[in-house]
Amino acid sequence: MIIYPAIDIRGGRAVRLVQGDYNAETQFDDDPADAARRWVQAGASWIHVVDLDAAKSGVRTNAAAISAIRYAVKVPIQLGGGIRTEQDIRAALLLGMDRVILGSIAITDPEFVEQAVARFGARIAVGLDARNGKLAGQGWTEQSEIDALDAAKRFANAGARHFIFTDIHRDGMFTGPNLVSLKALIDSTDANVIASGGIGTLDDVRAVREIGARGVIIGSALYHEKFSLESALAIGKEASAT
């Protein structure tokens with residue numbers, strides 16, 4: 001299982017939010033590239049980056065910070081946040097991103113996501129950010145009535161190979177991931193499911209591995225030093241019982 005250290009960027013800085021609340025922000029690194037170097041030096045094989053400003057407004061103001069991360073580390077990077085057009089996808093790929101996450105657009109224009117999957121293949125991941133099982137977009141500020149599991153089945157049928165599932169209520173709360181919803185998603189598709197939100201202990205990391213997640217994104221727990229990235233990486237390398 002791949003461990004993805006998270007770098008959320010707002011105003012050019014690395015920050016963490018609680019449950020996606022832009023008013024509940026903690027700043028950690030003035031230069032997000034410093035965070036990327038730190039995680040790679042600890043052994044990370046992938047980095048997960050989110051442009052929080054673009055996620056909320058659609059305006060891309062953090063390209064310089066994202067580009068700096070790309071130049072700072074050699075490992076693959078997946079990028080999410082406000083990517084809603086083919087131009088956005090191509091711009092992210094030109095910045096050197098290895099995988100692009102489509103989130104809000106999966107709610108407003110699912111046909112576009114299907115077309116993107118057909119055109120860019122495994123370089124597209126679909127972000128399923130759910131509140132009470134229903135997808136939310138625009139930086140989690142807008143709630144839909146679209147069932148996350150139904151959306152996953154649709155996009156998997158269209159060829160999507162990567163899903164990132166986030167339970168918004170658990171994000172940044174250290175209360176553990178939503179294992180029930182994660183397992184339902186994993187069982188419903190043969191795509192790779194990456195867990196996100198709620199990781200607070202190494203037991204949480206082990207739990208998502210045991211139910212068959214192919215990756216887990218860890219943010220706040222690392223920044224608040226709940227455990228070390230090295231310890232999480234060791235669990236990711238263990239054989240799963242599933």
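Note that this is a predicted model, so its numbers are computed, not measured. (Residues numbered from 1 in each chain as written. Predicted model: local features only at pLDDT ≥ 70, side-chain atom pairs only at ≥ 80, totals over all residues. Heavy atoms only, no water.)

Q: Where do I start with the pattern of salt bridges in this structure?
A: The final tally for this structure, using the stated rule, is 12 salt bridges. Across the salt bridge formed by Asp98 and Arg70, the nearest N and O atoms sit 3.0 Å from each other. Of this pair, Asp98 sits in the loop between α4 (86-94) and β6 (99-102) while Arg70 sits in helix α3 (residues 63-72), and the two are 28 residues apart along the sequence. Since its relative accessible area comes to 15%, Arg70 is described here as buried. Residue Arg119 pairs with Glu86 through a salt bridge whose shortest N-O separation is 2.4 Å. Of this pair, Arg119 sits in helix α6 (residues 110-120) while Glu86 sits in helix α4, placing them 33 residues apart in sequence. Among the residues examined, Glu86 registers a relative accessible area of 26% and is labelled partly exposed. The network of salt bridges with shared partners includes Asp203, Arg206, Arg209, Glu210 and Glu238. (Salt bridge = Lys/Arg side-chain N within 4 Å of Asp/Glu carboxyl O. Helix = DSSP H or I, 4+ residues; strand = E, 2+ residues; numbered from the N terminus. Buried < 20%, exposed > 50% of the residue type's maximum accessible area, 1.4 Å probe, protein only.)

Q: Would you mind showing me how to read the packing of aromatic side chains here?
A: Think of a pair of aromatic rings as described by two things: how far the centres are apart, and how the planes are tilted against each other in angle. Taken as a whole and assessed by the stated rule, the structure comprises 2 aromatic pairs. Ring plane angle 50 degrees and centroid distance 5.7 Å describe the contact between Tyr4 and Trp46, whose orientation is recorded as tilted. One end of the pair, Tyr4, is in strand β1 (residues 2-10); the other, Trp46, is in the loop between α1 (32-41) and β4 (47-51), with 42 residues separating them in the sequence. Overall, the relative accessible area of 13% leaves Trp46 in the buried class. The ring centre of Trp46 lies 4.3 Å from the NZ or CZ of Arg99, which sits over that ring. Over the aromatic face of Phe174 sits the side chain of Lys226, whose NZ or CZ is 4.6 Å from the ring centroid. (Phe/Tyr/Trp six-rings, centres within 6.5 Å; stacked < 30°, edge-to-face > 60°. Lys NZ or Arg CZ within 6 Å of the ring centre and 35° of its normal.)

Q: I'm lost on helix α9 (residues 202-210) in this one. Help?
A: The α-helix advances 3.6 residues per turn, and as a result positions three or four apart in sequence lie on the same side. Of all the residues in α9, the buried ones are Asp204, Val205, Val208 and Arg209. For α9, the angular spread of the buried residues around the axis is 140 degrees, confining them to a single face. The secondary structure elements touched by the buried residues of α9 are β1, α8 (179-188), β11 (192-196), β12 (215-218) and α11 (229-237). The N-cap residue of α9 is Thr201: its side-chain oxygen and the backbone nitrogen of Asp203 are 3.3 Å apart. The positive-phi residue at the C-terminal boundary of α9 is Gly212, with phi of around 105 degrees. (Arc of directions from axis to C-beta. Contact = heavy atoms within 4.5 Å. Polar contact = N/O pair within 3.5 Å; in protein donor to acceptor, adjacent residues only side chain to side chain.)

Q: Would you take a moment to explain α8 for this structure?
A: Those residues of α8 that fall on the buried side of the exposure criterion are Leu182, Leu185 and Ile186. Projected down its long axis, α8 carries its buried residues within an arc of 100 degrees, all on one side. Structural note: α8 exposes Val180 and Asp187 on the side pointing more than 90 degrees away from its buried face. On its buried face, α8 sits against β7 (124-131), α7 (148-157), β10 (162-167), β11 and α9.

Q: Explain the side chain of Asn62 to me, please; I cannot follow it from the model alone.
A: Its location among the elements puts Asn62 in the loop between α2 (52-57) and α3. Look past the residues within four positions of Asn62 in its chain and what remains in contact with it is Ile9, Arg10, Gly11, Gly12, Asp51 and Asp53.

Q: Would you mind showing me how to read the environment of Gly127 here?
A: Relative to the assigned elements, Gly127 resides in strand β7. Accessibility expressed as a relative area gives 7% for Gly127, which makes it buried. Remark: the alpha-carbon pair of Gly127 and Asp109, spanning 18 residues in sequence, is separated by 13 Å. Dropping the residues within four chain positions of it, Gly127 is found in contact with Ile101, Leu102, Gly103 and Ile164.

That's the geometry; what it means functionally is another story.
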